[in-house]
Amino acid sequence: MPVSFLSAEQRSRYGVFNAVPDIAQLGAFFHLDADDRRRAMAANGARNQLGWSVQLGTARFLNCFLDDPEDVPAVVVDYVAEQLGLQAADLKGYGEKEARWDHQEQIRTGYGFTLFEGEQWFALACWLYKRAWTTGERPIVLFDLATHRLVEAKILLPGVTTLERLIAALRERVAARQYALLAAAPSPNQAVVLENLVKVEQGRRVSRLDRLRKSPTDVSGTGLVKALDRHVELRDLGAAGWDLSAVPPGKIAALARFAHAARAQAVAELAGDRKLATLVAFAATMAPQSADDAVEVFDLAVGDLLRTSAFKANKERMRTLKDLDTAAIVLREVWLKIRSVAEIPDSDIRAALDEMDLAAIHAAADVIGDIAREPDEDFQEELLARYATVRRFLPKLLKHLDFDAGADQPPGQGVRRGHEVLQALDFLKAIERRRTDIDPREVPADLLSSAWHRRVFPKRGELAGTFNKSAYTVAAVERLRESLRRHEVFVPGLRKWGDPTAGLLKGAEWERARPRICDELNLSPQPGTDVERWAGTLDFAYRQLAAGLSGAEDGRNDWVRLAKDDNGKDHLVLTGLDRLDEPASLTALRADIDARMPIVDLPEALLEVHSWTGCLDHFTHVSGDAPSRKQDMITSIAAVLVSQAMNVGMRPMAAEGEPALALDRLYWVEQNYLRAATLTAANAALVEFHSGLELAKAWGGGELASADGLRFVVPVKTINAGPNTKYFGKGKGAKGVTYYNFTSDQFTGFHGIVIPGTPKDWYYILEGLLDQETSLKPTEITSDTAGASEIAFGIFRLLGWQFSPRLADVGSATLFRADPAAHYGSIDALVRSRVNIKLINDSWDDLLRVAGSLLTGAVKASELFRYFAGGGTPTPIGRALMELGKLDRSTYLASYYDDELLRRRVNTQLNRQESRHTLARRIFHGQKGELRQKYKEGQEDQLGALGFMTNVCILWNTVYTARALEEMRAEGKKISAADIARLSPLGFDHFNMLGRYSFSLPELVRDGQLRPLRTPPPVE
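Since the model is a prediction, treat every value here as computed from it, not as a measurement.

### Details of the overall build of the protein
Along its length, the protein carries 42 helices and 11 strands. Judged by the C-alpha coordinates and their principal axes, the protein covers about 140 × 85 × 65 Å. Counting across all 1020 residues of the protein, residues that qualify as buried make up 50%. Long-range contacts, defined here as pairs at least 24 residues apart, represent 75% of the contacts in the protein between residues at least 6 apart. Surface exposure of the protein reaches about 48,800 Å², of which carbon and sulfur atoms provide 51%. Computed over 128 positive and 136 negative side-chain charges, the inter-centroid distance for the protein is 4 Å.

### Description of the pattern of salt bridges
Any two side chains of opposite charge can pair if their charged atoms end up close together. Enumeration over the complete set of coordinates arrives at 58 salt bridges. A salt bridge links E482 to R486, with the shortest nitrogen-to-oxygen separation between them at 3.2 Å. Separated by 4 residues within a single helix, E482 and R486 lie in helix α23 (residues 469-486), roughly one turn from each other. A salt bridge links R543 to D539; the shortest N-O distance between them is 2.9 Å. Of this pair, R543 and D539 both sit in helix α25 (residues 529-550), separated by 4 residues, roughly a single helical turn.

### Structural notes on the packing of helix α3 (residues 34-41) against helix α4 (residues 45-62)
As a packed pair, α3 and α4 sit with axes 8 Å apart at the nearest point and diverge in direction by 135°. One element, α3, and the other, α4, form an angle in the oblique class. As for the relative orientation of α3 and α4, their crossing is right-handed in sense. Contacts between α3 and α4 pair D36, R39, A40 and M41 from the former with Q49, W52, S53, L56 and R60 from the latter. Of the residues belonging to the contact of α3 with α4, the class tally is 4 nonpolar, 2 polar and 3 charged.

### Brief notes about the UniProt feature "domain: DUF4158" (unreviewed entry) in the protein
Within this numbering scheme, the UniProt entry marks residues 5-169 as carrying the feature "domain: DUF4158" (unreviewed entry). Annotation note: span residues 5-169, helix share 62%, strand share 0%, distance between end C-alpha atoms 11 Å.

### Let's talk about the nonpolar core
One finds I795, L798 and F865 to be the most contacted residues of the largest nonpolar core, which totals 82 residues. Looking at this core element by element, the count peaks at 10 residues for helix α38 (residues 876-898). Apart from the residues lying within four places of it in its own chain, the contact partners of F865 are W762, Y763, L766, I791, I795 and L854. Core analysis: the second largest hydrophobic core is formed by 76 residues, V609, L616, M650 and W699 among them.

### Here's the deal with a negative patch on the surface
On the surface, a cluster of negative charge is contributed by D67, D68, D71 and E96. Tracing the backbone shows D68 in the loop between α4 and α5 (74-84). By relative accessible area, which is 36% here, D68 ends up partly exposed.

### With respect to the packing of aromatic side chains
In this structure the tally under the stated criterion is 31 aromatic pairs. Ring geometry for F742 against F750: centres 6.0 Å apart, planes inclined by 40°, an arrangement best described as tilted. A single burial state applies to F742 and to F750, both of which are buried. For the pair Y867 and F868, a centre-to-centre distance of 5.8 Å together with 45° between the ring planes defines the contact as tilted. Since its relative accessible area comes to 16%, Y867 is described here as buried. Overall, F868 belongs to the buried group, its relative accessible area being 1%. Taken together, the ring pairs connect F793, F796, W801, F803, Y892 and Y896 into an aromatic cluster. Here K154 stacks its cationic end above the ring of F113, 4.7 Å away from the centre of that ring.

### Observations concerning helix α18 (residues 358-371)
Along its 14 residues, α18 runs 20 Å from first to last C-alpha, staying within 8% of the 20 Å computed at 1.5 Å per residue. Check the buried side of α18 and you find it contacts α15 (273-319) and α16 (321-342).

### A word on helix α28 (residues 633-646)
Compared with an ideal rise of 1.5 Å per residue, which puts 14 residues at 20 Å, α28 spans 20 Å between its outermost C-alpha atoms and is within 8% of the ideal. Counted residue by residue, α28 has 13 buried out of 14 residues, so it is predominantly covered. Positioned one or two residues after α28, N647 has a phi angle of 60°, which is positive.

### With respect to the confidence of the model for the protein
Scored by pLDDT, the protein has a mean of 89; 97% of the residues are at 70 or more. Taking the mean pLDDT of every element in the protein, the minimum, 79, falls on helix α17 (residues 349-354) and the maximum, 96, on helix α31 (residues 694-699).

### A few points about the side chain of Q772
Within the secondary structure, Q772 sits in the loop between α33 (762-771) and β7 (780-782). One polar contact links Q772 to T774, side chain to side chain, over a distance of 2.6 Å. A distance of 2.7 Å separates the side chain of Q772 from the backbone oxygen of L776, its partner in a polar contact. Apart from residues lying up to four places away in sequence, Q772 is in contact with F750, H751 and P778.

### What to know about the packing of helix α30 (residues 676-691) against helix α40 (residues 936-970)
Interhelical geometry of α30 versus α40 gives an angle of 15° and a closest axis separation of 10 Å. Here α30 lies roughly parallel to α40, going by the angle between them. Along this stretch, α30 crosses α40, giving a crossing that reads as left-handed. Each of A676, L679, A682, N683, L686, V687, F689 and H690 in α30 lies in contact with α40, whose residues at this interface are D941, G944, A945, G947, F948, N951, V952, I954, L955, T958 and V959. Of the residues in the contact of α30 with α40, the class split is 12 nonpolar, 6 polar and 1 charged.

Reading the values: rules and limits
Position numbers for residues count from 1 along each chain, tracking the sequence in the order it is written. Owing to the predicted nature of the model, reporting of local features is limited to residues with pLDDT of at least 70; listing and counting of side-chain atom pairs is limited to 80 or more, with chain, interface and lining totals taken over all residues. Excluding hydrogens and water, the side-chain values take into account all heavy atoms of the structure. A run of H or I in DSSP counts as a helix once it spans at least four residues, and a run of E counts as a strand once it spans at least two, with each numbered from the N terminus. Burial here depends on accessible area, computed with a 1.4 Å probe over protein chains only, as a share of the maximum for the residue type. Under 20% is buried, over 50% is exposed, and the range in between is partly exposed. In this description, contact between two residues means that some pair of their heavy atoms is separated by no more than 4.5 Å. Computed with a 1.4 Å probe, the accessible areas rest on the Shrake-Rupley method; for each residue, only the protein chains presented here act as cover. Lys and Arg are tallied as positive, Asp and Glu as negative. Neither His nor the chain termini are counted. Every charge is mapped to an atom, namely NZ of Lys, CZ of Arg, CG of Asp or CD of Glu. Counted as salt bridges are all cases of a side-chain nitrogen of Lys or Arg within 4 Å of a carboxyl oxygen of Asp or Glu. Lines fitted to C-alpha atoms define the axes, with helix axes restricted to the stretch in contact, and inter-axis angles between N-to-C directions lie between 0 and 180 degrees. Roughly parallel here means an angle under 35 degrees, roughly antiparallel means over 145, roughly perpendicular means 65 to 115, and every remaining angle is called oblique. By convention the crossing between two helices is left-handed if the near helix lies anticlockwise of the far one by an angle smaller than a right angle, and right-handed if it lies clockwise. Residues are sorted three ways: Asp, Glu, Lys and Arg are charged, Ala, Val, Leu, Ile, Met, Phe, Trp, Tyr, Cys and Pro are nonpolar, and all the rest, Gly among them, are polar. UniProt positions are given in the numbering used here, feature names are shortened, and annotations may be inferred rather than shown by experiment. The term nonpolar core refers to a set of buried residues drawn from Ala, Val, Leu, Ile, Met, Phe, Trp, Tyr and Cys, joined through side-chain atoms within 4.5 Å. Every patch collects residues that have over 30% relative accessible area and no salt bridge, joining them within 9 Å if they carry like charges and within 5 Å if they are nonpolar side chains (Val, Leu, Ile, Met, Phe, Trp, Tyr). Classification of ring pairs rests on two measures: the distance between centres of Phe, Tyr or Trp rings, Trp counted by its six-membered ring, which must be within 6.5 Å, and the angle between planes, read as stacked under 30 degrees, edge-to-face over 60 and tilted in between. Two limits define a charge over a ring: the Lys NZ or Arg CZ must be within 6 Å of the ring centre, and within 35 degrees of the ring normal. Multiplying 1.5 Å by the residue count of a helix minus one yields the expected span of that helix. Residue-level confidence of the predictor is what pLDDT reports, using numbers from 0 through 100. Definition of a polar contact: a pair of N or O atoms within 3.5 Å, with one able to donate and the other able to accept a hydrogen when the atoms are protein atoms, and with sequence-neighbouring residues admitted only if both atoms are side-chain atoms.

The following block contains the structure:
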């Protein structure tokens, strides 16, 4: 039987007035024109006339008729009655009269409404079935979409149970079809192997499923071998040979997520085709994921080899520095002696040498020969000493992973850098078992640096003229890692380490999409049109800056001036922003509000926020989208979220005698309810509720946002962490992650990305805007200097967003011009470099294609930008984006110099985010604030819970700050709008995060009221 998915509250809100219509809604839906009034007055008597008119407005507003036509807000009756010249009291008793049914029929036929009958039912069912098949939308979303579609078509809404059962039944049919298609993909033998995954193997304590779904954590040569063995085992399940194209990828991913999270026993107990379908989805998803994991281990393991080799080389360099100095002094003295003798005519240099201590000279020369390094050498010798480690994993790596480098370069343009690496790898595989000598002329040496070339092909000593296979192998591995990180080399089909350009729109698909993309981005498909417009904006910005530098006293910019540097060249000097004065009224207002804020336990604050927003209802079981039927599940979910956000573990949340807080239940909820999708949906509910509050609107409109990273030490073995001595300390195991999060000008966080280590911020800044799913639509994004790059400026300009970073050392930034003939007065000497407009126009279609692919989600922004940047050698598209970025960055810089309000707005927003990080740190206080999750999914879930709980605190603070302001106004206190705009919902002293945790709300809060404010102390 189809199951219901609506809560009792959601059913009660269907097809009724849930709020009093405002004046705009009254005018739009309940206004009666002359024809409406004529039809109404045709009814018999004032009661029927008013009832007929109210039912007409109700049908327009709700798209349905009420069981009791009198059950409408009084304001509606008053509004309609006034238009008819009747009294509101005339409606009394209308709902009991049979005439109301005739009136409904008249309204249906006269105003184009249609009953939800057979034809309409079938059309809606077909539409819902297609949507349920192609998307992963939850049933409540489908319910809302269905009602919206019915409203648009003027089909009267059916009963809530009718629509609910229709959607549930269609989802069951979709699921059955999905299971049947997936279960039919493997052969009978493969199906047997898959079903055995959930069985505990002989001699083991866990099933193969449990073992295979665990990502590697050992970053070493041995760990890489284990990761490759895991990949081979998953690959051999045969997923590569299955045709799953008939099933939408989102459906496969959802089943795989369940297989990854649920206990093996739960998977084994699935009925019918669902069990095999789930295992098929798991195998299809995990085969490429395991390859990604293996390449990740390779990257980290080789990175560790490079760092330790560099450390040893530097340590050895420091240890031998005195010996090198001593030997250099000896040889210098010899040279000075020889030079002085050579200056005397007919002197005998050989006689001078005979008088010297030749043994000491030879020893000094030997010391220098042993210690001194060529200028281009770093730590090649130390890295070569780790050949045995490389040898341990390289043969298996080359055997089981198929590396690629994309299409060859056009004739005459040489070999792409990635192909140089592939040639080296192919050569290493070819000579794997070769026993004969290798002629150096056979060796593809294009990938070798000069330092490696000397070691691979030694020219001195006993090995002169030979080939050093060990050195070549290590050099190839070093270049392979570098090329993988630049995406010059990739493994086709992988998510992270695959071809970042594979999803770019191309060919006929791009031809069809181009008009729509250009329309959405408001860009012309013709090269030059938009670039000329942006060049005009740059020209105007320069002229305005020049006018401010040389203008009259009342129009001069006092915060920026021209000065000479040490080389006599002009540069701009920007005066720092002065701290805004804090008026006494603002200080007093903050103190008054703080004194009134109630003291509350963090779990209670979460439950109270849920009572306002229903945010915890979005946490659904991993096997489906319906809310849990378990009693007190909200309490269990709240406990898990608080535990994760405060980093204190589950035990402090557990309580004996309370089933909702039983320890085993909390772990079960964590495993089955806490995941990225549910956290995202719940957070979106918080953000939407907060953005509608009047106080939040006083802080900002949601158009401005900022991006910044919050660093966490990860003291456990994991592949999803990276080193950085500044943030994570020193030592081999000192690693961490960056929680790169996005904050609106209303203080709420709307997205977060967990990044291993501390890579360049700008790789991820666009990803946060494209992937976020809240109601906020920021159009301007700020960041610190680390997020500012020319490629970032370029892509933001294409997508129509304003990139406004806070820039350090802004006076030394290079300014570019678009018009070589333009004269910009006092700043003309500063604007000498030119933007390559021709390159932008020549690449215009490719730039549009990149922007369109990002907009449609066809490619992953962070990996695409890493590829375009090319590790300092940008690709052709990367160079065009850089040129466009120079144009936009110069425009922004000119405004940044000239506009103090712009700089202050950027600075204020970034300060808000830093203060938000302080609140997040306060919440995440357990276990020394360290993130102790081994796996990426666990890290994302825990930091996602932290971001969610930070928003809970912000929303709670905002509501109670507004309550305090209301109380203060009621006391006769005057509060200025300027002071309100400078308030912050980031306080935390009134939140209790220590001790025992209570998950029960006070009675008045359960009844929908706010808890009482504290009474502030009397002012002396």
